[in-house]
Amino acid sequence: MKIVRVALDVPVAKLFDYHADDARGDDVGCRVLVPFGKKILVGMIVEIAASSDVPSPRMKCVLRVLRDAPRLGNDDLRLLRFAAAYYHHPLGLAVMGALPARLRRVRAPRPRAITTFVLTPAGEAIAADVLPARAIVQRRLLTLFKERRVLDLAAIKAVGRSAPPALTQLASRGWVAPHETSEHPALVAAGPVSTGGPRLTVEQSEAVQAIQAHLDEFSAFLLLGVTGSGKTEVYLHAIDATLRARRQVLLLVPEIALTPQLEAMVRNRFPDISLTALHSGLNENERLEHWRAAQTGRARIVLGTRLAVFAPLPGLGLIIVDEEHDGSFKQTEGLRYSARDLAVVRAQQCKIPVVLGSATPALETYYNALNERYQLLTLSRRINAPLPRIEYIPTRGARLADGLSPRLLDAIAARLECNEQSMVFINRRGFAPVLMCRACGWLSQCHRCSAQLVLHLHDHRLHCHHCGFHAPVPPGCLECGNQDLAPVGQGTQRIEVAVRRYFPQARILRIDRDSTRRRLAWPAMRSQIREREVDIVVGTQILAKGHHFPHLNLVGVVNADSLLYSTDFRAPERLFALLTQVAGRAGRGERQGEVLIQTEFPGHPLYTALRSQDYVSFARGLLEERQQAGFPPFVHQALLRAEAPKLETAVAYLARAARIGKALDHRITIYDPVPAGMVRLAGRERAQLLAQAEARGRLQRFLAAWYAKLSEEPSSPARWSLDVDPLEL
Ligand code: ADP
Ligand code: ZN
Ligand code: ZN
């Protein structure tokens, strides 16, 4: 009798044994249909066993081994096993959660072919403005094609209702053509792969050589390059070398929608190489199709967000993590993994190089480079103009007009005068962060969250940015009935209104999550900025990430101070990274950029360090502080979170969990339970408990035992979860 161990999508930290007479030795990684209670579930075989603890008469039989899709490779499974063990999450949930939804269903429909269109060489050769100005949609489509090379039908339709006829027009001119997706044979074409590209600088070619020297072994690199130093070019050369060696490349980015320029660069440099994207914005059909492209090797380059770290890649030869410091590489629910950390583990398992790139690496990463666990590659200079000049505008006691200082307004006016672009950065969307009663001081609060309701202009409603609740603006104060309610503070909408008032002749564009919600709104806006159809951009951190706007020379920052005195020990690291990125948007063309930061604390050490744009000294200073205070990376942490309708319930649960933990290993530091930074969220109250140790191994062994004990407990009134290497404390 053959026995298979099956991973199932059920929240129990174990595998389930089934008889499977027709299972073959190579069925590990195959999906199976199994009876489970009264249901039939899809699972995955992760082991074939000779014996089981389940008595034979009680063991059920596999209904069917599904061989309709390629099985998951051993390397792919190994990473999932590691992730489940390291993050203390049931293997079944980890494995099934990594699969595209279609493969988790009992009835897995065959994927439909996706129709995509590609820019032809003729289309590439002409400029979008050869089209008459009234052919707006055709122009917009063509610009989009030039940026992305390949568009699927959904993306085309999202441009507008008349996009399909416009597409037909472009096709009849021979500028775009339908794209055959399935014709690329697996992992064959060796070269020639890349086309063109500038001559590398000395620093760039040193970095490329260092990576190329380690293509056949595990090696982790930190590519530390100031903004605009040409990190992408280093990636492209490393990709080229990997493709020539007939291997696949995994390129991880924080958010695809925010970094289409990188995708375009890669597609343009490797026009004959198929690239596939994996991210949460795909529909189920696309997700399955792209997953299969990766798995069959049809896709030689996989560009994806954090979930792509689990993509099946039989020929993987290189992993790149761009903007590795970015918080969105960390999954904050379910399997709470860090895709950056797993990328390093995956590279280690597959014996291949991994490149982590950033201008402001996470301190954990930089520390690894200082310890020579990672090899440090530095790009210290910008390619074109020098780094932007950073200046502070003191605002304490100053009279600001709608949050904008006269100095900043003058600077914008001066840029307008010379036809240059400016950007005003503010890290809050909406009109005003809160509504206040002038009589009694009442503030608009979300009744489900410990958060204020944000006033939005477009629908004239109050919105909670945490739980999604919204309500009309009340006619008067909910406490005293007074009708004089005042918006307090600034958001993007309010800054936009103010800027419009000061510069009525200027073309102004607001960019935040609200204005870019529609699919492809943001790509269209980005090309408007690049084509100089905009004079002033007002926006949030969407603007910060990696964009290259050659005519943007002035960046103004409003309200940065709010992050300066946060209680989170990672706040300075994040603020430095954010402001470096924002500042890095200025002066990427020929002229030196100017960055004006409004602050009440111009002498703050963080601002001093930022002005000299010296990440290395800043990071060394922070590391020293962390060492003295006993914070990561000098200790390793895990957070046990609990939530319940009432805070006391959550705290009481954690207090008991702490006692259980202390009995397991007294050398683990376990702190007292505390209310979470945001106590109430969507009507539930949350508390947390921090456990830490100096050695990762010790903490891991403890967590395994602790997790097992806590899981054995009869159902608790609080819902709990474990977060290993938490980023939010
Ligand atoms: P980063 O990602 O480090 O901020 P980018 O990769 O966006 O920087 O590069 C900035 C600009 O410099 C881009 O326009 C890029 O095409 C250009 N560039 C990169 N390397 C070179 C080079 N060796 N010679 C000329 N231009 C380059
Ligand atoms: Zn009132
Ligand atoms: Zn809320």
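Residues numbered from 1 in each chain as written. Chains lettered and ligands numbered in written order. Predicted model: local features only at pLDDT ≥ 70, side-chain atom pairs only at ≥ 80, totals over all residues. Heavy atoms only, no water.

## Brief notes about the coordination of the zinc ion (ligand 3)
Protein coordination at the zinc ion (ligand 3): the donors are Cys446 (SG), Cys449 (SG), Cys464 (SG) and Cys467 (SG), at 2.3 to 2.4 Å from the metal. Coordination at the zinc ion (ligand 3) comes from four donor atoms whose angles at the metal span 105 to 114°, giving a geometry best classed as tetrahedral. Going along the chain, you hit the donors of the zinc ion (ligand 3) in the pattern C-x2-C-x14-C-x2-C. Here cysteine 467 lies in the loop between β20 (461-463) and β21 (470-472) and cysteine 449 lies in the loop between β18 (434-437) and β19 (454-456), a separation of 18 residues in the sequence. (Donors = N, O, S within 2.8 Å, 3.2 Å for Na, K, Ca; no water. Tetrahedral: all angles 85-135°; square planar, octahedral: opposite > 155°, others 65-115°. Helix = DSSP H or I, 4+ residues; strand = E, 2+ residues; numbered from the N terminus.)

## Things to note about the coordination of the zinc ion (ligand 2)
Distances from the zinc ion (ligand 2) to its protein donors, Cys437 (SG), Cys440 (SG), Cys477 (SG) and Cys480 (SG), fall within 2.3 to 2.4 Å. Each of the four donor atoms bound to the zinc ion (ligand 2) contributes to angles spanning 105 to 115°, and the resulting shape is tetrahedral. In primary sequence terms, the donor set of the zinc ion (ligand 2) follows C-x2-C-x36-C-x2-C. Here the residue cysteine 440 occupies a position in the loop between β18 and β19, and cysteine 477 occupies one in the loop between β21 and β22 (485-488), the gap between them amounting to 37 residues. On the basis of relative accessible area, cysteine 440 is assigned to the partly exposed category, the value being 40%. (Buried < 20%, exposed > 50% of the residue type's maximum accessible area, 1.4 Å probe, protein only.)

## A short note on the pattern of salt bridges
Side chains carrying opposite charge are able to pair once their charged atoms draw close together. Overall, the coordinates contain 39 salt bridges when judged by the stated rule. Linking aspartate 27 and arginine 67 is a salt bridge whose minimum nitrogen-to-oxygen distance equals 2.6 Å. Taken together, the residues span a long stretch of sequence, with aspartate 27 in the loop between β2 (16-19) and β3 (31-36) and arginine 67 in the loop between β5 (64-66) and α1 (74-86) at a distance of 40 residues. We classify aspartate 27 as buried; its relative accessible area is 1%. Taking relative accessible area as the criterion, arginine 67 reaches 37% and is therefore assigned partly exposed. For aspartate 76, the salt bridge identified is with arginine 346, shortest N-O distance 3.2 Å. Taken together, the positions of aspartate 76 in helix α1 and arginine 346 in helix α12 (residues 339-350) put the pair 270 residues apart, joining distant regions of the chain. (Salt bridge = Lys/Arg side-chain N within 4 Å of Asp/Glu carboxyl O.)

## A few points about the side chain of glutamate 233
Position of glutamate 233 among the secondary structure elements: in helix α9 (residues 231-244). A distance of 2.7 Å separates polar atoms of two side chains, one belonging to glutamate 233 and the other to arginine 269. Setting aside its immediate chain neighbours within four residues, glutamate 233 contacts Gly197, Pro198, Leu200, Gln204 and Arg269. (Polar contact = N/O pair within 3.5 Å; in protein donor to acceptor, adjacent residues only side chain to side chain. Contact = heavy atoms within 4.5 Å.)

## A few points about the sheet that holds β20
In spatial order, the strands read β19-β20-β21; together these three strands make up an open sheet with antiparallel pairing. Of all strands in the sheet, those bounded by a partner on one side alone are β19 and β21. Averaged over all neighbouring strand pairs, the angle between strand axes comes to 30°, with direction disregarded. Across three bridges, β19 lies against β20 in antiparallel orientation. Of the residues in β20, the one forming a bridge with histidine 456 is arginine 461. (Pairing = 2+ DSSP bridges. Axes fitted to C-alpha atoms, helices over the stretch in contact; angles between N-to-C directions.)

## Let's talk about the site of ligand 1
Arg199, Gln204, Gly228, Lys231 and Thr232 are the nearest of the 16 residues found near ligand 1. At a separation of 2.6 Å, an oxygen atom of ligand 1 approaches a polar backbone atom of glycine 228. Between ligand 1 and the protein, one listed contact pairs an oxygen atom with a backbone N or O atom of serine 229 at 3.2 Å. Compared with its free state, where it exposes 560 Å², ligand 1 has 76% of that area covered by protein. Counting residues per element, the shell around ligand 1 draws most heavily on α9, at three residues. Taken together, the residues that form the shell around ligand 1 break down as four nonpolar, eight polar and four charged. (Near = heavy atom within 4 Å. Areas by Shrake-Rupley, 256 points an atom, 1.4 Å probe, with all protein chains shown as cover. Nonpolar A, V, L, I, M, F, W, Y, C, P; charged D, E, K, R; others polar.)

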